[in-house]
Structure formats: structure tokens, C-alpha cells
Amino acid sequence: MAVKNIMIVGVGGQGTLLTSRILGGITLRAGYDVKLSEVHGMAQRGGSVVTYVRYGDKVNEPIVEEGQADVLIAFERLEALRYAHFLKKDGVIIVNDQRIDPMPVVIGKAEYPENIIENLSSRYNVLSIDAMSVAKNLGNTRTFNVIVLGMAAKHMDFPVEDWISVIENTVPAKTVEINKKAFMTGYEMA
């Protein structure tokens, strides 16, 4: 199989690392060679966090180049805009419709762009979800990232049972049931 490239982008504290561990687990379970690479900006201060997940028969390097991502999972709108140029022509962006102001916006040095999802949709295949509201309805807002991953899973070739098994083995034991429910909610919404 040719190498597949997934990017996960968000801000510190949004669960990008847990999401990358789940993705790494599902690809290993399927028997692929997998490379993960994490790039942390000022993650603990709300800065960008980018994770690359590359898998296939043989993966030589962990970094996804511009124009090569099959799937871009974005946990925040501005992060989707920031990294959209990494997407392949036929790739898909799964974006959580959430606004988190970066420091330049907070201190008044920059404006948060308007109509990000609409502008991205005019150029890319974009699936948008207000995952925070969905997670709130499920009873745990910390599961929004797994809801977004559930949507993204529809664009990857792994059986849903394998996803559930990897989630069971990856998330903290006390959160297994809510994370499985979150994943299936996103999966069914895709």
C-alpha cells in the first residue's frame, strides 16, 4: 500500500497527542509501518500542536510535506486555515468549528479571521462539526477530539471494531465508555 498521510492540528490541551496515539494504534493493528512526529509550539500556552501520522507498507520519514496530507484533522478553525496547504488535491479536512483566540488576538495585535470554514470550503473538501456542543450533549466536553476522530475515521480504511478496540486500549480506563460513545457519535455523523 502507498503511504497515507494524516495531520492532526490544534492548540495545546485539545487532545492532539491522544488522537495521534489512537491513530498510531489503529495503523499498527492493521500491520502497517507507522511513523509519528509531533511538533509543539507554545503548546502549554495555547500554541499550535501539529502531529504527523504516516503509514503504509514502508514509511521512510515521519514528516508530511506540503500538498501531501490525505486527511487533515483540525481541532480549531484557525489551525485548519493555518495548515490547509498541506492537504492533497483530493484530501479532506475534518474541522471542529471552535474558535480559540491565539495570543496576538488576545492582546489586540491581530484580528481573528472571519468565515474561515466557508473560505476553506470554497477550495477544499471540508467537513465541519461543532464537536464541543456534541461532546457537551454526551456529558463530557473533553471527548470532542474523539468525536472529530470518529468523523475522520470514515475517510480511512479501518473497520470500526478495530477503532473501538484501539480506543479501549489507549484511553484512560475510567473514560473508555464515554470515548467509545464519542467516537461512534462522530463516525455516524460523518
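The following paragraphs examine the structure supplied in this document. (Residues numbered from 1 in each chain as written. Predicted model: local features only at pLDDT ≥ 70, side-chain atom pairs only at ≥ 80, totals over all residues. Heavy atoms only, no water.)

Observations regarding the environment of Glu66
Okay, so step 1: Secondary-structure assignment places Glu66 in the loop between strand 3 (48-56) and strand 4 (69-74).
Okay, so step 2: Excluding its chain neighbours within four sequence positions, the residues that come into contact with Glu66 are His85 and Phe86. (Helix = DSSP H or I, 4+ residues; strand = E, 2+ residues; numbered from the N terminus. Contact = heavy atoms within 4.5 Å.)

Things to note about the nonpolar core
Okay, so step 1: Residues Leu23, Ile73, Met156, Trp163 and Phe183 are the most contacted members of the largest nonpolar core, which totals 40 residues.
Okay, so step 2: Setting aside chain neighbours within four positions, we find Ile73 in contact with Ile6, Met7, Ile8, Val9, Leu23, Ile94, Val148, Leu149, Ala152 and Met156.
Okay, so step 3: Grouped together as the second largest cluster of nonpolar side chains are 22 residues, Met7, Ala74, Ala80 and Ile117 included. (Core = buried A, V, L, I, M, F, W, Y, C linked by side-chain atoms within 4.5 Å. Buried < 20%, exposed > 50% of the residue type's maximum accessible area, 1.4 Å probe, protein only.)

Side note on helix 8 (residues 176-189)
Okay, so step 1: End to end, helix 8 covers 20 Å across 14 residues, agreeing with the expected 20 Å (1.5 Å per residue, within 8%).
Okay, so step 2: Three or more residues of helix 8 are buried, namely Val176, Ile178, Asn179, Lys180, Ala182, Phe183, Thr185, Gly186 and Tyr187. (Expected span 1.5 Å × (residues − 1).)

Re helix 6 (residues 144-153)
Okay, so step 1: Burial runs high along helix 6: 10 of the 10 residues are buried.
Okay, so step 2: For helix 6, every residue scored as buried is listed here: Phe144, Asn145, Val146, Ile147, Val148, Leu149, Gly150, Met151, Ala152 and Ala153.

Section: the packing of aromatic side chains
Okay, so step 1: Tallied over the full model, the rule gives eight aromatic pairs.
Okay, so step 2: Considering the side-chain rings of Tyr32 and Phe158, the 6.3 Å spacing of their centres and the 70 degrees angle between planes classify their relative orientation as edge-to-face. Residue Tyr32 is located in the loop between helix 1 (16-29) and strand 2 (33-40), and its partner Phe158 is located in the loop between helix 6 and helix 7 (160-170); the two are separated by 126 residues in the primary sequence.
Okay, so step 3: The partly exposed category is assigned to Tyr32, whose relative accessible area is 23%.
Okay, so step 4: Here the aromatic cluster, defined as three or more aromatic residues joined through ring pairs, consists of Tyr32, Tyr55, Phe158, Trp163, Phe183 and Tyr187.
Okay, so step 5: Note that Lys154 overlies the ring of Tyr187, its terminal NZ or CZ placed 4.7 Å from the centroid. (Phe/Tyr/Trp six-rings, centres within 6.5 Å; stacked < 30°, edge-to-face > 60°. Lys NZ or Arg CZ within 6 Å of the ring centre and 35° of its normal.)

Description of unusual backbone geometry
Okay, so step 1: Of note, Asn115 is a non-glycine position whose phi angle comes to about 50 degrees, a positive value.
Okay, so step 2: Within the element layout of this structure, Asn115 appears in the loop between helix 3 (103-106) and helix 4 (116-121).

Focus: the pairing of strand 3
Okay, so step 1: Taken across its nine residues, strand 3 has nine buried, putting it largely inside the fold.
Okay, so step 2: Side chains Ser48, Val50, Tyr52, Arg54 and Gly56 of strand 3 all project onto a buried face; the interleaved residues Val49, Thr51, Val53 and Tyr55 project onto the opposite face, where all are buried too.
Okay, so step 3: As judged from the eight bridges shared by strand 1 (residues 4-11) and strand 3, these two strands associate in the antiparallel manner. Paired with Asn5 across the bridge in strand 3 is Arg54. (Pairing = 2+ DSSP bridges.)

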